[in-house]
Amino acid sequence: MVTTDILATPANALFPRLFTRAREGLATPSGGFAFCILAALIGAAATSSPPDRDQFFGDESTYYMMAWSLACDGDLTYERADLQRVYEHGYAGGPNGVFLKRHPDGPKGGDHAARILFSKSFAYPVFAAPWVKVFGDRGFLIFHAVLLALMAGTGARYLAAASSAGGALLAGTFFFASAFPVYFFWRTPEIFNGALLFFGGVLWLTGRPHSREAPVTRGQLALLCASAVLFGLATYAKPSHLALAGAMLADLLFSRRLRLLFVVAPLFLATAGGLFFAEAALNGSWNFMGGDRKTFVFRFPLETPESRFDNLGISMITDTETLEVPFSLSLLTRNLRDFFVGRYTGALVYMLPGFLLWAWAAGAALRRQGMDQPRLLLLLATSALMLTYLVLVPENWLGGGGALGNRYMTNAYPILLLLLPRRAGEAIGAAVNAESESRVVPSGKTLRRLILVSWIGGGVFLGGIWAHPIKSSLEPDAHIDAAPFGWLPLELSLLTNLPFNIHKSKHRVPFGDPPAMYLYFPDHGSHPLEPSRAGYWTAGAVTSRAVLRVVNDVGGLRVSVGSSPVRNRVTVRFAGERYAVDLEAGQQRSFDFALSGGFPWRGTHLYELEVVSSSSFVPRFSLPGSADPRNLGIFVRLDLLPSGTGGEQ
């Protein structure tokens, strides 16, 4: 039989060119590099969650349920079976944070016949579902392993000559000396979206005609069409990625390749538009984050007969959302600073190699050193993407409270590698001569410095995250107590979306009855507020930081420090003033501060308070009759004053 003959035929005889190309590819430095990365990541996938954890990261629960619903049920409708499946897979806390919406044409009033839908983009779940079907929960990670290995190998091949290992070194630094690979463990679209943009960019830069006079080959046309499809997918997954697709289309326009543009542009629009049309046909709205949309925590629709969509959840409609923080130039300036060097989101902290490349490209463009057209457009597009987030969502440009670093920019991080010309990788292994050191190619010395700085900076700031990627994802504020992060400014405009808000004792803690202000504790340097004593203990001999959100008309603040049974040196910083005092055991000192200035936020003002304690004690061993096992530093009491002047009392 034909079938028997085919099954009996060796695979390399059926596909000789495929296997020949595969062997040749693995023999190159970039191919071997990609294979090693793939093997390492699949090993990580095989040995990581589950059962290492029983809860979700960020938006994971929605994408997780969508992929499993497609794999098992072939649909994207939320049903009781989908919820049951989450518990069967070991997530005892349920799909906390899941986003759902009610189909606009379905029945209202809590009827269990109402059609409830998952409210996220379906692009990632559609591609992840086959892997989940075959490999179960680890299918997500194996899918990510393939994508990340392909990006690393393609980046190495793109940057280096076939005989040079320099491209692999630079590509490896770019992808792995940052927080980007931590998202390998997240069942969310960051790795997938990054791959769409990266391969879309590679196909664009590889397929574009290199001169206006050169004829367009069928191969080039195929590459550009494939690029348009990938950019279309990425734009549907996150509409802000339109800026990066626009760079490709603008390149064809400015190169006067109008015939080519009239082929590629409609294909891009058909892909993105077709997916939005499919979204509308399936879910009743083109906007997967619009409509009657809610997020659910601890209790979920259809869990019990009384659990209904209409009597549970928190409304999360984004198609009619208005900004509570109005745009201002001063806010944009502060956010720009925080975007690059912020404590929780700084691009030069969490994505150092990519933004060093971006800074090099920006410097070359500002010096008018001959940046070629496609990379100049890519530089402008990535810059426009940053500004889009900073201007349109000035209080949530990091991607939500569970993010590690800037989750929004993580999607676009891989494409930053393409700001380097293809010849750049050749300059790493050897000195470059005067002819090859053109104005658009960084020197070998510059690239070696970039690699060195990236690994040193990454080790200093991200070493703990690399060592414990799952713990850092479950607790995205766990690393923030490390000394280097205290040197960086806190992103006050993102106050309610910073990762520490996952802890109730640190988020919007009311002070007073009725509350005259709210307290936020952005690190682990403080124990919970004790309302009866109007203050809190610092968590040992540490730096304790708090943000005070003053909502009433208050003239001043009195900060009292003391109650320690041991000698202590205490430093208090607030509103630009600093006091340092030596306290004997049991001694207390107070400082009055005028509440002037502050950071304006949602009609209130924010102030940062920092208290440094040099000594600590454990009450169980220091105070007779106490069973308190906590490590305590100094007690910080807060009193609001109707009016006041700064100074020590």
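1. Here we look at the overall build of the chain
When helices and strands are tallied, the chain shows 22 helices and 17 strands. Among the 649 residues that make up the chain, the fraction classed as buried is 54%. Looking at the chain as shown, the accessible area adds up to about 27600 Å², and 60% of this sits on carbon and sulfur atoms.

2. Thoughts on unusual backbone geometry
Cis peptide bonds are those with omega within 30 degrees of zero, and the linkage from Asp513 to Pro514 qualifies with 0°. Turning to its location among the elements, Pro514 is positioned in the loop between strand E6 (509-511) and strand E7 (517-520). The phi torsion at Ser563 lies on the positive side, around 70°, for a residue other than glycine. Looking at the secondary structure, you find Ser563 in the loop between strand E10 (556-562) and strand E11 (568-574). Unusually for a residue other than glycine, Arg602 sits at a positive phi of about 50°. The class of Arg602 is partly exposed, set by a relative accessible area of 28%.

3. Digging into helix H17 (residues 373-392)
Side chains of residues three or four places apart in an α-helix project in the same direction, reflecting 3.6 residues per turn. When the terminal C-alpha atoms of H17 are compared, their 28 Å separation across 20 residues agrees well with the 28 Å that a helix rising 1.5 Å per residue should span. Buried residues of H17: Pro374, Arg375, Leu377, Leu378, Leu379, Ala381, Thr382, Leu385, Met386, Tyr389 and Leu390, and no others.

4. What about a nonpolar patch on the surface?
Residues Leu253, Phe254, Leu258 and Phe262 make up a contiguous nonpolar surface patch of about 410 Å² in total accessible area. Contributions of two or more residues to the nonpolar patch are made by helix H12 (242-254) and helix H13 (258-283). Here Phe254 lies in helix H12.

5. A word on the side chain of Thr77
Relative to the assigned elements, Thr77 resides in strand E1 (residues 77-78). A residue is classified by how much of its surface remains accessible, and Thr77, at 12% relative accessible area, is buried. Discounting chain neighbours no more than four positions away, the residues touching Thr77 are Ser69, Asp82, Arg115, Ile116, Leu117 and Phe118.

6. Quick look at the pairing of strand E12 (residues 577-583)
In this structure, E11 lies alongside E12, joined through seven bridges in antiparallel fashion. Residue pairing for E12: Arg573 is matched across the bridge by Arg578. Two successive antiparallel strands, E11 and E12, enclose a turn made up of two residues, where Ala575 displays a positive phi of approximately 50°.

7. Quick look at the confidence of the model for the chain
The pLDDT averaged across the chain works out to 85; a share of 85% of its residues lies at or above 70. Across residues 161-165, where pLDDT falls below 50, the model places six contacts with residues more than four positions away in sequence or in other chains.

8. Describing the sheet that holds strand E3 (residues 116-118)
Read from one edge to the other, the open sheet built from five strands follows the order E1-E3-E2-E4-E5, with strand pairing classed as antiparallel. With one partner strand each, in any of the chains shown, E1 and strand E5 (314-315) form the two edges of the open sheet.

9. A look at the packing of helix H5 (residues 60-72) against helix H7 (residues 123-135)
In contact at an axis separation of 8 Å, H5 and H7 are set at 60° when each is read in the N-to-C sense. Put simply, H5 runs oblique to H7. Relative to H7, H5 is oriented so that their crossing is right-handed. Contacts between H5 and H7 pair Tyr63, Met66, Ala67, Trp68, Leu70 and Ala71 from the former with Tyr124, Pro125, Val126, Ala129, Val132 and Lys133 from the latter. Looking at the contact of H5 with H7, its residues break down into 11 nonpolar, no polar and one charged.

10. Topic: the pattern of salt bridges
In this structure the tally under the stated criterion is 24 salt bridges. The shortest N-O distance in the salt bridge between Asp73 and Arg85 comes to 3.3 Å. Taken as a pair, Asp73 in the loop between H5 and E1 and Arg85 in helix H6 (residues 80-88) lie far apart in primary sequence, 12 residues in all. Put simply, Asp523 and Arg545 hold a salt bridge, and the shortest N to O gap is 3.1 Å. Separated by 22 residues along the polypeptide, Asp523 in the loop between E7 and strand E8 (535-537) and Arg545 in strand E9 (residues 543-550) bring together distant segments of the chain. Assigned by exposure class, Asp523 and Arg545 land together as buried.

11. Examining the environment of Leu519
Looking at the element boundaries, Leu519 is found in strand E7. The exposure class assigned to Leu519 is buried, which follows from its relative accessible area of 0%. Taking the C-alpha atoms as reference points, Leu519 and Leu606, separated by 87 residues in sequence, lie 9.6 Å from one another. For Leu519, the contacting residues outside a window of four places in its chain are Lys506, His507, Arg508, Val509, Phe511, Leu529, Val547, Leu548 and Leu638.

12. As for the nonpolar core
One broad trend across soluble globular proteins is that nonpolar side chains are buried collectively. Ranked by internal contacts, the top residues of the largest apolar core, which has 146 residues, are Tyr78, Met151, Phe175, Leu244, Phe339, Phe355 and Met409. Sorting elements by how many residues they give to this core places helix H8 (residues 138-159) first, with 11 residues. Excluding residues within four positions of it along the chain, Phe339 makes contact with Thr345, Gly346, Ala347, Phe355, Met386, Leu390, Trp397, Asn406 and Met409. Core analysis: the next-biggest nonpolar cluster, separate from the first, contains 30 residues, Phe511, Phe521, Tyr579 and Leu609 among them.

13. Some details on the packing of aromatic side chains
The geometry of an aromatic ring pair comes down to the distance between the two centres and the angle between the two planes. Throughout the structure, instances matching the rule amount to 43 aromatic pairs. Ring plane angle 85° and centroid distance 4.9 Å describe the contact between Phe184 and Phe185, whose orientation is recorded as edge-to-face. Each member of the pair, Phe184 as well as Phe185, carries the same accessibility label: buried. Centroid distance Phe339 to Phe355: 6.0 Å. Interplanar angle 75°. Geometry classified as edge-to-face. With Phe339 in helix H14 (residues 329-341) and Phe355 in helix H16 (residues 352-366), this residue pair connects regions lying 16 residues apart in the sequence.

Analysis parameters
- Residues numbered from 1 in each chain as written.
- Predicted model: local features only at pLDDT ≥ 70, side-chain atom pairs only at ≥ 80, totals over all residues.
- Heavy atoms only, no water.
- Helix = DSSP H or I, 4+ residues; strand = E, 2+ residues; numbered from the N terminus.
- Buried < 20%, exposed > 50% of the residue type's maximum accessible area, 1.4 Å probe, protein only.
- Areas by Shrake-Rupley, 256 points an atom, 1.4 Å probe, with all protein chains shown as cover.
- Expected span 1.5 Å × (residues − 1).
- Patch = residues over 30% accessible without salt bridge, like charges linked within 9 Å, V, L, I, M, F, W, Y side chains within 5 Å.
- Salt bridge = Lys/Arg side-chain N within 4 Å of Asp/Glu carboxyl O.
- Contact = heavy atoms within 4.5 Å.
- Pairing = 2+ DSSP bridges.
- pLDDT = per-residue confidence, 0-100.
- Axes fitted to C-alpha atoms, helices over the stretch in contact; angles between N-to-C directions.
- Parallel < 35°, antiparallel > 145°, perpendicular 65-115°, else oblique.
- Left-handed = near helix turned anticlockwise from the far one by under 90°.
- Nonpolar A, V, L, I, M, F, W, Y, C, P; charged D, E, K, R; others polar.
- Core = buried A, V, L, I, M, F, W, Y, C linked by side-chain atoms within 4.5 Å.
- Phe/Tyr/Trp six-rings, centres within 6.5 Å; stacked < 30°, edge-to-face > 60°.

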